[in-house]
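Next come the chains, spelled out residue by residue.
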Amino acid sequence: MQELINRAKELLADGTVARVLGWKAGDLPYNPEPAYFETAEALEDFVYNGFCGANLSKYMIEASKMEGKTMVCLKPCDTYSFMQLIKEHRVDREKAYIAGVGCKGKLDIEKIRARGIRGIESIEGAELTDDAETLKIQTIYGEKSLAYADGMLERCHVCKGKEHVIFDEQIGESKETKDAERFGEVERIESLSPEEKFSYFQSELGKCIRCNACRNVCPACSCRKCVFDSNKFDSSQKANVDSFEEKMFHIIRAFHVAGRCTDCGECSRVCPQGIPLHLFNRKFIKDIDELYGEYQAGADIDSKAPLTDYTFEDAEPSIVGKRG
Amino acid sequence: MPLEKKEFKPKIVAFCCNWCSYAGADLAGSSRLTYPADVKIIRVPCSCRVNPMFILRAFEKGADGVIMCGCHPGDCHYSTGNYYARRRMTLLFSMLDYIGVESGRTRVEWVSAAEGVKFSETMNSFVEKIYSLGENVRLGDLRCKN
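Residues numbered from 1 in each chain as written. Chains lettered and ligands numbered in written order. Predicted model: local features only at pLDDT ≥ 70, side-chain atom pairs only at ≥ 80, totals over all residues.

**Overview of the overall build of chain A**
Then, in step 1: For chain A, the helix and strand inventory stands at 12 helices and nine strands.
Then, in step 2: Relative to the compact-globule value of 20 Å for 324 residues, chain A shows a C-alpha radius of gyration of 20 Å, a close match.
Then, in step 3: Viewed in the frame of its principal axes, chain A has a C-alpha envelope of about 60 × 50 × 40 Å.
Then, in step 4: Excluding contacts between residues fewer than 6 apart, the proportion of contacts in chain A whose partners are at least 24 apart in sequence is 68%. (Helix = DSSP H or I, 4+ residues; strand = E, 2+ residues; numbered from the N terminus. Rg over C-alpha atoms; globule rule 2.2 N^0.38 Å. Contact = placed C-beta atoms within 7 Å.)

**Re the overall build of chain B**
Then, in step 1: Looking only at helices and strands, chain B features four helices and four strands.
Then, in step 2: Across chain B, helices and strands are ordered from the amino to the carboxyl terminus as β-α-β-α-β-α-β-α.
Then, in step 3: Taken over the C-alpha trace, chain B has a radius of gyration of 15 Å; the compact-globule value for 146 residues is 15 Å, and the two agree within 12%.
Then, in step 4: A principal-axis box enclosing the C-alpha atoms of chain B has dimensions of 55 × 35 × 20 Å.
Then, in step 5: Going through the 146 residues of chain B one by one, you find that 55% of them count as buried. (Buried ≥ 20, exposed ≤ 12 C-beta atoms within 10 Å, placed from the backbone.)

**Observations regarding unusual backbone geometry**
Then, in step 1: Positive phi values are uncommon outside glycine, yet H89 of chain A reaches one of about 55°.
Then, in step 2: The residue H89 of chain A is located in the loop between α3 (76–87) and β5 (96–101) in this model.
Then, in step 3: Given 7 C-beta atoms within a 10 Å radius, H89 of chain A is considered exposed.
Then, in step 4: A positive phi angle is found at R32 of chain B, which is not glycine, with a value near 60°.
Then, in step 5: Inspection of the secondary structure assignment puts R32 of chain B in the loop between α1 (21–30) and β2 (39–44).
Then, in step 6: With 8 C-beta atoms packed within 10 Å, R32 of chain B lands in the exposed category.

**Topic: the sheet that holds strand β6 (residues 120–124) of chain A**
Residue and element names in this part refer to chain A.
Then, in step 1: The strand order β6-β7-β8 describes an open sheet built from three strands, whose pairing is antiparallel. Only two strands of the sheet have a single neighbouring strand rather than two, namely β6 and β8 (142–147). On average, adjacent strands in this sheet sit at an angle of 25° to one another, irrespective of strand direction.
Then, in step 2: Bridge analysis of β6 against strand β7 (residues 134–139) gives four bridges, and the strand direction is antiparallel. Opposite I120, over in β7, you have T139 as the bridge partner. (Pairing = 2+ DSSP bridges. Axes fitted to C-alpha atoms, helices over the stretch in contact; angles between N-to-C directions.)

**Things to note about the sheet that holds β2 of chain B**
Pairing between the strands of a sheet is mediated by backbone hydrogen bonds and can be parallel or antiparallel.
All names here are of chain B.
Then, in step 1: The four strands lie next to each other as β2-β1-β3-β4, forming an open sheet whose pairing is parallel. The open sheet has two free edges, formed respectively by β2 and β4 (106–110), since each of these has just one partner strand. Recorded for the sheet is a direction-independent mean angle of 20° between the axes of neighbouring strands.
Then, in step 2: Where strand β1 (residues 12–17) meets β2, six bridges bridge the pair, whose relative direction is parallel. Its bridge partner lying in β2, I12 is registered against V39.

**What to know about the environment of L135 of chain A**
All names here are of chain A.
Then, in step 1: Checked against the element boundaries, L135 lands in strand β7.
Then, in step 2: Separated by 12 residues in the primary sequence, L135 and A147 have C-alpha atoms spaced 6.1 Å apart.
Then, in step 3: Residues within four places of L135 in sequence aside, it is in contact with I123, G125, A126, S145, L146, Y148 and G151.

**A short note on the nonpolar core**
Then, in step 1: Of all hydrophobic cores here, the largest spans 127 residues; its most connected members are V72 and C73 of chain A together with I12 and C17 of chain B.
Then, in step 2: Per-element accounting of this core gives the leading share, eight residues, to helix α3 (residues 81–98) of chain B.
Then, in step 3: Two domains each provide a minimum of three residues to this core, namely domain 1 (2–171) and domain 2 (184–323) of chain A.
Then, in step 4: Setting aside residues up to four positions removed in sequence, C17 of chain B forms contacts with Y22, V44, C46, S47, C69, G70 and C71 of chain B. (Core = buried A, V, L, I, M, F, W, Y, C linked by C-beta atoms within 7 Å. Domains from an automatic or database assignment.)

**Describing the interface of chain B and chain A**
Then, in step 1: At the junction of the two partners, chain B supplies 31 residues and chain A supplies 29 residues.
Then, in step 2: Within the residue set of the side of chain B that touches chain A, elements represented by two or more residues are α2 (52–60) and α3 of chain B.
Then, in step 3: Residues that form the side of chain B that touches chain A fall into these classes: 15 nonpolar, eight polar and eight charged. (Nonpolar A, V, L, I, M, F, W, Y, C, P; charged D, E, K, R; others polar.)

**Re the domain arrangement of chain A**
When the parts come together, some accessible area is lost, and that loss is often what is quoted as the size of the interface.
Residues and elements named next belong to chain A.
Then, in step 1: Here chain A is partitioned into domain 1 (2–171) and domain 2 (184–323).
Then, in step 2: Once you take the C-alpha centre of each, domain 1 and domain 2 turn out to be 25 Å apart.
Then, in step 3: Across the contact, 20 residues belong to domain 1 and 16 residues belong to domain 2.
Then, in step 4: Only α3 and α5 (154–157) provide two or more residues apiece to the side of domain 1 that touches domain 2.
Then, in step 5: The element that contributes the greatest number of residues to the side of domain 1 that touches domain 2 is α3, accounting for nine residues.

**Focus: the pairing of β4 of chain B**
All names here are of chain B.
Then, in step 1: For β4, a buried count of five out of five residues is recorded, marking the element as mostly surrounded by other parts of the structure.
Then, in step 2: Of the two faces of β4, the one holding T106, V108 and W110 and the one holding R107 and E109 are both buried throughout.
Then, in step 3: Sheet analysis places strand β3 (residues 65–70) next to β4, joined by five bridges and oriented parallel. Note on β4: the bridge partner recorded for G70 is W110.
Then, in step 4: Since β3 and β4 lie parallel, the crossover through α3 that links them has a hand, and here it is right-handed. (Right-handed = clockwise from strand over helix to strand, strands pointing away.)

**Overview of helix α11 (residues 278–292) of chain A**
Then, in step 1: Here α11 of chain A is 15 residues long and its end C-alpha atoms lie 20 Å apart, about the 21 Å a rise of 1.5 Å per residue gives.
Then, in step 2: Taken together, the buried residues of α11 of chain A touch α5, α6 (184–190), α9 (243–256) and α10 (266–270) of chain A together with α3 of chain B.
Then, in step 3: One or two positions beyond α11 of chain A, positive phi appears at G293 of chain A, with a value near 95°. (Expected span 1.5 Å × (residues − 1).)

**Looking at the packing of helix α7 (residues 194–205) of chain A against α9 of chain A**
All names here are of chain A.
Then, in step 1: Remark: α7 packs on α9, axes separated minimally by 10 Å, with the N-to-C direction vectors making an angle of 90°. Relative to α9, the element α7 lies roughly perpendicular. Of the residues in α9, those touching α7 at F201, Q202 and L205 are S243, E246, K247 and H250.
Then, in step 2: Split by residue class, the contact of α7 with α9 holds two nonpolar, three polar and two charged. (Parallel < 35°, antiparallel > 145°, perpendicular 65-115°, else oblique.)

Set out below in structure tokens:
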């Protein structure tokens with residue numbers, strides 16, 4: 001972290017960048033928040049640790065309109081989102097100085113809480129510099145410890161790899177965290193009966209409060225005007241009225257980013273209700289991979305997105321029933 | 001008064017493209033071929049006009065099955081519309097299957113303006129399928145049910 005701060009100070013001092021986009025310490029040990037830093041003094045609050053899960057690439061849409069360059073800290077998976085945004089002409093590559101920061105897996109405070117660890121005062125072992133094996137958590141009930149991997153976000157267990165696809169400079173080291181099958185959960189749901197599938201999604205989506213956090217955080221969801229904000233559309237700006245609206249919102253949200261979603265997992269991370277929203281996006285990714293060839297959004301700059309492309313021999317929609 | 005169970009009459013929405021399938025339906029009519037009156041046809045300029053929201057809304061408003069008909073791949077009036085529609089509908093129908101709406105309730109058929117017979121056969125078999133699946137209770141707004 002100190003290396004990153006020093007580098008940021010250098011770049012600010014020599015005028016290469018006008019501001020730094022990173023994370024600032026929150027009021028609790030586990031809630032750093034995205035922030036701009038414009039002076040060396042402000043950088044005193046800069047943090048980068050295991051809780052910095054936020055994908056900063058979407059902030060670059062706004063930062064691309066500002067005067068001067070912005071140094072943006074992107075984790076390996078965030079660089080996919082950034083590449084996708086460049087491809088869609090939503091960010092200006094010239095306005096960004098990309099610091100590819102290392103990643104050893106990011107932590108999910110809800111997973112830690114689910115282990116019965118409450119009243120957290122401080123957390124040790126979530127720094128970028130250590131080996132990220134165990135967390136020592138000081139709580140008001142005494143010291144607890146937890147294996148780092150047990151507190152990790154779901155997306156880190158199915159990590160795309162620790163290579164930055166785009167960067168100006170790489171800072172800090174990474175550690176491989178992949179230990180699960182990416183489509184494992186999707187396959188489990190696919191094998192259920194229609195009744196079971198429906199009751200599973202009914203119970204998950206029934207928790208949705210339509211806070212729109214999943215939409216607002218999504219780097220692929222970057223339309224200036226969103227269909228869900230249109231006042232001609234009767235489900236805008238309000239809670240779901242019935243179970244249909246819950247499902248419609250999530251199906252359409254995932255459909256609008258199908259083929260552009262890099263599977264960064266931000267939707268699930270920010271959901272205040274803990275709905276596994278990535279399961280929708282991942283279902284589309286799985287189908288696209290199976291039917292139209294493997295495709296990773298944001299992996300390169302010139303490939304065509306699957307839904308803007310076609311071939312004469314594409315699978316017929318009846319394949320859905322045949323696959324069983 | 002005892003509650004009587006109403007006989008199941010399916011509601012089926014068919015999105016038909018203006019250039020092929022709607023003309024195919026016309027031909028089925030003028031050739032005096034029959035298909036069930038449960039099918040409600042909505043004419044769209046091209047199969048590519050069908051927004052995923054249309055399909056979901058149809059289910060919301062009480063449809064028990066939704067079918068989309070367009071020109072055969074390669075024959076689109078606008079050259080490529082049905083290719084895009086084909087990919088979209090495949091993904092959408094797969095998603096509907098994933099959340100528990102049986103894959104039999106959704107179908108895509110390519111019907112040309114010369115295929116009145118195919119139109120009538122498709123609709124007959126689709127309606128039969130919906131009869132066997134019964135009422136759609138999964139995606140409907142319950143207020144829209146009779």
